[in-house]
Structures are given as structure tokens and as C-alpha cells.
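# Per-entry structural report
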Amino acid sequence: MIEEFYNEERILKEVTTSDRNWGGYFVAVENGEVLGAGGGGMIGDTEGELFVLYLDPSRRNERIGTLLLEAITQQQKEEFHASKQWVSVQEGNEKGIPFYEARGFVYENAQLGYGNEGEEDYRSLRYSRFI
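Here we summarise the structure given alongside this text. Along each chain, residue indices are assigned from 1 in the same order as the chain's sequence is written. Whole-chain, interface and lining totals are the exception, using all residues; otherwise, since this is a predicted model, local features are given only for residues with pLDDT of at least 70 and side-chain atom pairs are given and counted only at 80 or more. Where side-chain values are given, they derive from all heavy atoms of the structure, hydrogens and water being excluded.

## Points about the overall build of the protein
Counted only if it meets this: Elements are defined by DSSP. Helices are runs of H or I of four residues or more, strands are runs of E of two residues or more, and each kind is numbered from the N terminus. Using C-alpha atoms as the atom set, the radius of gyration is obtained and then compared with a globule rule of 2.2 Å times the number of residues to the power 0.38. Throughout this description, buried means an accessible area under 20% of the type-specific maximum (1.4 Å probe, protein chains only), exposed means over 50%, and partly exposed covers the range between. Accessibility throughout is a Shrake-Rupley quantity obtained with a 1.4 Å probe, and a residue counts as covered only by protein chains that appear here.
Within the protein one finds four helices and six strands. Taking 14 Å as the expected radius of gyration for a compact globule of 131 residues, we find that the protein reaches 15 Å, a close match to that expectation. Summarising its shape, the C-alpha atoms of the protein cover approximately 45 × 35 × 30 Å along the three principal directions. Here the protein, with 131 residues, has 35% of them falling under the buried criterion. With the model as given, the accessible surface of the protein reaches about 8500 Å², and the carbon-plus-sulfur share is 49%.

Structure representation (C-alpha cells):
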């Protein structure tokens, strides 16, 4: 997974291009320091998805994650005309699950996590909300 998603070629492409399928990164910066970043895209005609949301753990509870989510949501609504938004959260993620539920996401179902290999059975919890 790390090799697939976090290699120089892929990251360079993700930070230099954007389109309907990948809206690009939104980045929270303070005094030249990156505090968090997030991005999403469309997975259907009117359905968007939050693909990534990263935050410096020492800066939790400062509304940074909320502001990033709001920026991504605004892009999906206004530019791409989304009316529904999805997010996948790793089962057992005790910080992510309450964060999304507090912002109106509702649990829909569980599925095997992306990239499971062999005997692995990591599960992703799918949440959605109308926007």
C-alpha cells in the first residue's frame, strides 16, 4: 500500500493536477508548516468521496480537519454538483469514526479494506451524508 500510494511519481502527480475524479489537495499551513491536508473526488455523477484527510496529531481539536473537510465538500458541491458524500474509515479508528459521525456521516456498511492480501481481513467502514 505504501509503495502504491506514497511514491514520488504519484505524489507529484497528485499535487500538480486536479480534475473531477481527483479534486487535488487542500492544505492547511501555518508559518510555513503543513498542519494537515485532504482531498477527494467524484465517484459518480452526483456522489463525491473524501479520499484522504491527514492532520498533525499534535494539532487535533483545533478545527483544522473540519476546515479541510468543509473546503473539499464545498468543491464537490459547487464545482462538481455532488449531493452525497462518502468516506471510508478503517474499522477501529477511534479518532476518525467520531470525527465523521459528528459531521453528519452515517454508517452504511463494512467491506474488506482496499489492498488486503492473502489472509488479511482489514475492514473499511463506509459512511455517507447528504451535502
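## Some words on the environment of Tyr-54
Within the secondary structure, Tyr-54 sits in strand E3 (residues 47-55). With 16 residues separating them in the primary sequence, Tyr-54 and Gly-38 have C-alpha atoms 6.0 Å apart.

## Remarks on a nonpolar patch on the surface
Basically, it comes down to this: Nonpolar side chains (Val, Leu, Ile, Met, Phe, Trp, Tyr) within 5 Å and like charges within 9 Å form the patches, drawn only from residues with over 30% relative accessible area and no salt bridge. Between Lys or Arg on one side and Asp or Glu on the other, a salt bridge is scored when a side-chain nitrogen of the former is within 4 Å of a carboxyl oxygen of the latter.
On the surface, Ile-11, Leu-12 and Val-15 cluster together into a nonpolar patch covering about 260 Å² of accessible area. The topology assignment puts Val-15 in helix H2 (residues 8-16). Given a relative accessible area of 52%, Val-15 falls into the exposed group.

## Topic: the environment of Asp-56
To be explicit about the condition: Contacts between residues were defined by any pair of non-hydrogen atoms, one from each residue, lying within 4.5 Å. Under the rule applied, a polar contact is a pair of N or O atoms within 3.5 Å (in protein, one hydrogen donor and one hydrogen acceptor; residues adjacent in sequence only if both atoms are side-chain atoms).
With respect to the helices and strands, Asp-56 occurs in the loop between E3 and helix H3 (64-78). Given the relative accessible area of 23%, Asp-56 is considered partly exposed. Note: C-alpha distance between Asp-56 and Asp-121 (65 residues apart in sequence) is 28 Å. Among residues more than four places away in sequence, those in contact with Asp-56 are Glu-33 and Leu-35. Side-chain polar atoms of Asp-56 contact the side chain of Ser-58, separated by 2.8 Å.

## A few points about unusual backbone geometry
Here Asn-31, not a glycine, exhibits a phi torsion of approximately 50°, which is positive. Assignment of secondary structure puts Asn-31 in the loop between strand E1 (25-30) and strand E2 (33-42). For Asn-31, a relative accessible area of 79% translates into the label exposed. Unlike most non-glycine residues, His-81 shows phi in positive territory, near 65°. Considering the arrangement of structural elements, one finds His-81 in the loop between H3 and strand E4 (84-90).

## Structural notes on the nonpolar core
The cut-off we apply is this: Joining through side-chain atoms within 4.5 Å is the link that ties buried Ala, Val, Leu, Ile, Met, Phe, Trp, Tyr and Cys residues into a set, and such a set is a nonpolar core.
Residues Leu-50, Leu-69, Ile-72, Val-87, Val-89, Ile-97, Phe-99, Tyr-100, Phe-105, Leu-125 and Tyr-127 constitute the largest nonpolar core, which totals eleven residues. Counting residues per element, the ones that place at least two in this core are H3, E4, helix H4 (96-102) and strand E6 (123-130). The element contributing the most residues to this core is H4, with three residues.

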